[in-house]
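If you want the building blocks of each chain, they are given just below.
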Amino acid sequence: MPYHKFDVVIVGSGGAGLMAAMQLSHKYSVAVVSKLYPTRSHTGAAQGGVAAALGNQEEDHWQWHMFDTVKGGDYLVDQDAAEVLAREAIDAIYDLEHWGLPFNRTADGKIDQRRFGGHTRNFGEGPVMRSCYAADRTGHMILQTMFQQSVKNQVQFFNEFLATDLIITGGRASGVVAYSIRDGDVHTFSAKAVVFATGGYGRAWRITSNALACTGDGMSIAYRSGIPLEDMEFYQFHPTGIYHVGVLLSEAARGEGAYLLNNEGERFMMRYTPSLQELAPRDIVSRSIVQEIREGRGIDGQDYVYLDIRHLGAEKIREKLPDITDFARTYLRIEPITDPVPIQPTAHYAMGGIPTNIDGQVILDEKNTPLPGFYAAGEAACVSVHGANRLGTNSLVDLIVFGRRAGKHIAKMLDSGELDYAELPANADERTKQMISRIRAGSGEHAETIREEMRDVMTEMCGVMRTEDKLQQCGAKIAELQARYQNISIMDKSSSFNTEMMEAIELGYVLDCAEATVESAAARKESRGGHFREDYPTRDDKQFLSHTLAYRKDDGGVKELRYKPVVITEFQPKERKY
Ligand SMILES: Cc1cc2nc3c(=O)[nH]c(=O)nc-3n(C[C@H](O)[C@H](O)[C@H](O)COP(=O)(O)OP(=O)(O)OC[C@H]3O[C@@H](n4cnc5c(N)ncnc54)[C@H](O)[C@@H]3O)c2cc1C
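Residues numbered from 1 in each chain as written. Predicted model: local features only at pLDDT ≥ 70, side-chain atom pairs only at ≥ 80, totals over all residues. Heavy atoms only, no water.

A. Region of interest: the overall build of the protein. When helices and strands are counted, the protein shows 16 helices and 20 strands. Computed over the C-alpha atoms, the radius of gyration of the protein is 22 Å, within 12% of the 25 Å expected from 2.2 N^0.38 for a compact globule of 578 residues. Principal-axis analysis of the C-alpha atoms gives the protein an extent of 65 × 50 × 50 Å. In the protein, which comprises 578 residues, the proportion classed as buried is 62%. Long-range pairs, those at least 24 residues apart, make up 74% of the contacts in the protein between residues at least 6 apart in sequence. Total accessible area on the protein is roughly 20400 Å²; 48% of this is exposed by carbon and sulfur atoms. Seen as two clouds, the 64 positive and the 79 negative side-chain charges of the protein have centres 1 Å apart. (Helix = DSSP H or I, 4+ residues; strand = E, 2+ residues; numbered from the N terminus. Rg over C-alpha atoms; globule rule 2.2 N^0.38 Å. Buried < 20%, exposed > 50% of the residue type's maximum accessible area, 1.4 Å probe, protein only. Contact = heavy atoms within 4.5 Å. Areas by Shrake-Rupley, 256 points an atom, 1.4 Å probe, with all protein chains shown as cover. Lys, Arg positive; Asp, Glu negative; His and termini not counted. Charge placed at Lys NZ, Arg CZ, Asp CG, Glu CD.)

B. A look at the packing of aromatic side chains. In the structure shown here, the tally under the stated rule is 19 aromatic pairs. Relative to Phe-147, the ring of Tyr-37 lies with its centre 5.7 Å away and its plane at 80°, an arrangement referred to as edge-to-face. Note that Tyr-37 is positioned in the loop between β2 (30–34) and β3 (50–51) and Phe-147 in helix α4 (residues 138–152), a separation of 110 residues in sequence. Ring centres of Phe-196 and Phe-374 lie 5.0 Å apart, and the angle between their planes is 85°; on these two criteria the pair is classed as edge-to-face. In this pair, Phe-196 is assigned in strand β9 (residues 186–196) and Phe-374 in strand β17 (residues 370–376), connecting sequence segments 178 residues apart. Each member of the pair, Phe-196 together with Phe-374, is buried. Residue placement shows Lys-5 over the ring face of Tyr-421; its charged tip is 4.5 Å from the ring centre. Across the ring face of Tyr-133, the terminal group of Arg-114 is positioned such that the distance to the ring centre comes to 3.9 Å. (Phe/Tyr/Trp six-rings, centres within 6.5 Å; stacked < 30°, edge-to-face > 60°. Lys NZ or Arg CZ within 6 Å of the ring centre and 35° of its normal.)

C. Representation of the site of the ligand in the model. Near the ligand, the surroundings consist of 38 residues, among which Ser-41, His-42, Thr-43, Ala-163 and Glu-379 are the closest. Between an oxygen atom of the ligand and a side-chain N or O atom of Thr-43, the distance comes to 2.5 Å. Contact with the protein chains hides 98% of the accessible area of the ligand, taken as 1000 Å² for the molecule alone. Taken together, the elements giving at least two residues each to the shell around the ligand come down to α1 (15–24), β2, β7 (161–169), β14 (341–350) and α11 (394–415). Looking at the shell around the ligand element by element, the count peaks at 4 residues for α11. Each residue belonging to the shell around the ligand can be placed in one class, and the counts come to 14 nonpolar, 20 polar and 4 charged. (Near = heavy atom within 4 Å. Polar contact = N/O pair within 3.5 Å; in protein donor to acceptor, adjacent residues only side chain to side chain. Nonpolar A, V, L, I, M, F, W, Y, C, P; charged D, E, K, R; others polar.)

D. Up close: the layout of surface pockets. Looking at the second largest pocket, its volume works out to about 690 Å³. Lining the second largest pocket are 34 residues; nearest its centre among them are Arg-224, Asp-512, Arg-552, Asp-554 and Gly-556. Contributing elements (two or more residues each) for the lining of the second largest pocket: β7, α5 (217–224), α12 (430–441), α14 (468–485), α15 (499–523), β19 (546–552) and β20 (558–565). It is α14 that contributes the most residues to the lining of the second largest pocket, 6 residues altogether. When the residues that make up the lining of the second largest pocket are grouped by side-chain class, the tally is 10 nonpolar, 11 polar and 13 charged. Two domains each donate at least three residues to the lining of the second largest pocket, and these are domain 1 (3–234 + 351–416) and domain 3 (430–545). (1 Å grid on protein atoms, 1.4 Å probe; cavity = no way out; pocket = protein on both sides within 12 Å on 5 of 7 lines; lining within 4 Å. Points joined across faces, edges and corners; volume = space filled by probe spheres on them. Domains from an automatic or database assignment.)

E. Inspection of the pattern of salt bridges at higher detail. The full count for this structure, using the stated rule, is 52 salt bridges. A salt bridge links Lys-477 to Glu-453; the shortest N-O distance between them is 2.9 Å. Of this pair, Lys-477 sits in helix α14 while Glu-453 sits in helix α13 (residues 447–461), placing them 24 residues apart in sequence. A relative accessible area of 24% places Glu-453 in the partly exposed class. (Salt bridge = Lys/Arg side-chain N within 4 Å of Asp/Glu carboxyl O.)

F. Highlighting the sheet that holds β3. With antiparallel pairing, the 3 strands of this open sheet are ordered in space as β3-β5-β4. Either end of the sheet is taken by a strand with one partner, and the two such strands are β3 and β4 (113–121). In terms of strand pairing, β3 meets strand β5 (residues 126–132) through 2 bridges, oriented antiparallel. Note that in β5 the partner of Ala-51 across the bridge is Ser-131. (Pairing = 2+ DSSP bridges.)

G. Expanded view of the nonpolar core. In terms of nonpolar packing, the biggest core is built from 81 residues, with Phe-196, Tyr-201 and Phe-374 touching the most fellow members. In terms of residue count, α15 provides more of this core than any other element does, 14 residues in total. Two domains each provide a minimum of three residues to this core, namely domain 1 (3–234 + 351–416) and domain 3 (430–545). Tyr-201 has contacts with Asn-210, Cys-214, Thr-215, Gly-216, Met-219, Met-232, Tyr-235, Ala-350, Val-510, Cys-513 and Thr-517, leaving out every residue within four places of it along the chain. Ranked by size, the runner-up nonpolar core spans 31 residues in total, among them Leu-54, Ala-81, Leu-101 and Phe-147. (Core = buried A, V, L, I, M, F, W, Y, C linked by side-chain atoms within 4.5 Å.)

Worth remembering: the numbers are spatial, not functional.
Structure (structure tokens):
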């Protein structure tokens, strides 16, 4: 049985995983286990930028950034975490700059910054330039820069290894089990600390901006290990996905001045949010688009509207938005310099995830009890800095700030000897082996049928607009799919690069995430941020100013929902007006 021993094992090589690795590898042995080659992680697809109140273009302060984050998240944000995010963003950006990240520059050589939705000056007065960027491929540059630094710093990579289990012994995390995609072997990793930085689960929906690999693996593995999932009902639909395809056209386009138009050629956002217009937070813009379509103002009566960048001029478009204009050409055969681009909301980002405190330690309950040795960071985690709705460019900064904090906290615990190896049980890999045998021996449907039905029902019943009735139907359907999944079958029984096996395992993960999302959404009878209930259209702070924690039954299904108070320090909840 292949066995490895490292001080720290990090699952995931996106921005969050690599940032954590960088804090540790100079002193401790660090393994990064990733189902993808590191530079293919979804972080590489991030386009628009990374927020930090550097004030390079105009006056800005971290307190303003903190306020915008709290208000943008519809006051469900834990404000101690938002303070850390906004304060430490500045230093974290300079770390990236010093590691060689090629940011766009101002005329006097500083990091250039641009506008993004919901980021404002002086506590909401008007838009501010806060997003640091490298053209419209900021995430790509972050990933390349950190991967090079990690290689230089002796981080050991286990690429194309699919993590399948978390080992918990004596009440603490002590390792990880992973399936080697190359040869089908099951490997056991013993570690003093484990970090999950496994990204989001946009693949639960049909129209999504997320890469194929975004199947919520880490969230599901944690959930199956008795750890709750926090705030899963808050899933973000980004307003501007390419029509039918879902591929993202970054908010950077609107940051640079693009308009949204309905079938009357009207800039309809002027009616919904007069002060920020197209740069209102994403939940509001997505709902406004759906409203326009419902009222018959979609283009040609269809379910899309236009994103119009023509007035920016060819030169600015080529310089500032090269990649996304190429996407429009590739996927729609439309030339954005001369024609408006059809767009619709697309499933984009999980505000919820594995609950952690501000040091990245995973917590087990509403009393914030940590599970020693277990950490999570990035989109897989819920700190919670995004509350009910994340602002654009606030995810990349979440990765680098909280990836860094998790890494530093582990280093501190290792330095003081508070974390150590545990004796692993002889059968640590048993659950994984059983899962693989069950899938190999299954005689039921193939993954594809179940996956397609899941994506349809999630899109129709658990999307931008929700109702009791739709969520009940959706919950019943997901439960049915979970039952059918137990007997799933594959045609390819081989061991080497068996992607059918991998996809079957991933389907189980994403179904778990869908299940927790729907059940949490059904129980939240209010509207807040990305969770909009047509039957409860207002926010209800009396009953629901709290985080949801969804626990799983041992044999599947949600066992119980618990609630945890929101941390409020500076900003009392107010009505969110823009
Ligand atoms: C198209 C797009 C554009 C975006 N643009 C922006 C932007 O401009 N600004 C912004 O702030 N945010 C943006 N976001 C959001 C942001 O990019 C993501 O939230 C963030 O990159 C997630 O990073 P991560 O490190 O948490 O995970 P990811 O980068 O998704 O990496 C996940 C890692 O986990 C590994 N992994 C997953 N499961 C397993 C498993 N079972 N076993 C082993 N390894 C596993 C994968 O191999 C991968 O390395 C964008 C997102 C998308 C989809």
